[in-house]
Amino acid sequence: MPDKDNNITELFDQKGNLIGALITAELWTKIKPSLKEYLPNQEPPEKPEPMADWEILRDYWDFPYPVDMDVKCDHCGNQTDNWQEDEPRKFKLTVANIGGLVSYKCCKCKSRISKRHFKDEITTETTPYQESKDANKEACY
Ligand SMILES: [Zn+2]
């Protein structure tokens, strides 16, 4: 049983100014819900785009056509000729794998656009965003 006073440890800088406090996990769990109104709406940080995977796919590109950079959202009509050059981005890369599957997220409507690369064709599929399914999702800002 920790001593009551040890639930909170105040932190001071070298000049003795209070700069923060450390609290125990036990206390934090108890008070966290009541702190919500003091905290900014906390969105989970957006996952970074898997650019390394994309680079690998490009490096090992063995399809009989050039790397395709165009993306189109069939859900809201958002489109680009080169997703990597848009500023701000219209689409965010979410998946790139060496097998030729590349997924993007539409920054307008959050739909997921999946492109599958085959020897003789590219198929594209747009999956509209679903709130419940992607509750702990990435968002576009
Ligand atoms: Zn869209």
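All values derive from a computational prediction rather than experimental measurement.

Conventions used here
Residues numbered from 1 in each chain as written. Predicted model: local features only at pLDDT ≥ 70, side-chain atom pairs only at ≥ 80, totals over all residues. Heavy atoms only, no water. Pairing = 2+ DSSP bridges. Helix = DSSP H or I, 4+ residues; strand = E, 2+ residues; numbered from the N terminus. Axes fitted to C-alpha atoms, helices over the stretch in contact; angles between N-to-C directions. Contact = heavy atoms within 4.5 Å. Polar contact = N/O pair within 3.5 Å; in protein donor to acceptor, adjacent residues only side chain to side chain.

> Quick rundown of the pairing of strand 7 (residues 112–117)? Include the residues and the values.
As paired strands, strand 6 (residues 101–106) and strand 7 are joined by five bridges and run antiparallel to one another. By the bridge assignment, Leu 101 is partnered in strand 7 with Arg 116. Hairpin remark: strand 6 followed by strand 7, antiparallel, with five residues in the connecting loop; positive phi at Lys 110, about 65°. Where strand 7 lies against strand 8 (residues 122–127), six bridges are found, and the strand directions are antiparallel. Following the sheet pairing, Arg 116 is matched in strand 8 by Thr 123. The turn linking strand 7 back onto strand 8 is made up of four residues.

> Residue-level account of the sheet that holds strand 5 (residues 91–96), with values.
Taken in spatial order, the four strands line up as 5-6-7-8 in an open sheet, and their pairing is antiparallel. Each of the sheet's edge strands pairs with one partner strand only, and the pair in question is strand 5 and strand 8. Put simply, the sheet's adjacent strands are angled 20° from each other on average, direction ignored. Relative to strand 5, helix 2 (residues 51–59) is tilted by about 70°, and along the sheet it contacts strand 5 and strand 6.

> Quick one: what's the story with the side chain of Asn 82, residue by residue and with numbers?
Looking at where Asn 82 falls in the secondary structure, it is placed in the loop between strand 4 (79–80) and strand 5. At 3.0 Å, the side chain of Asn 82 and the backbone nitrogen of Gln 84 are in polar contact.

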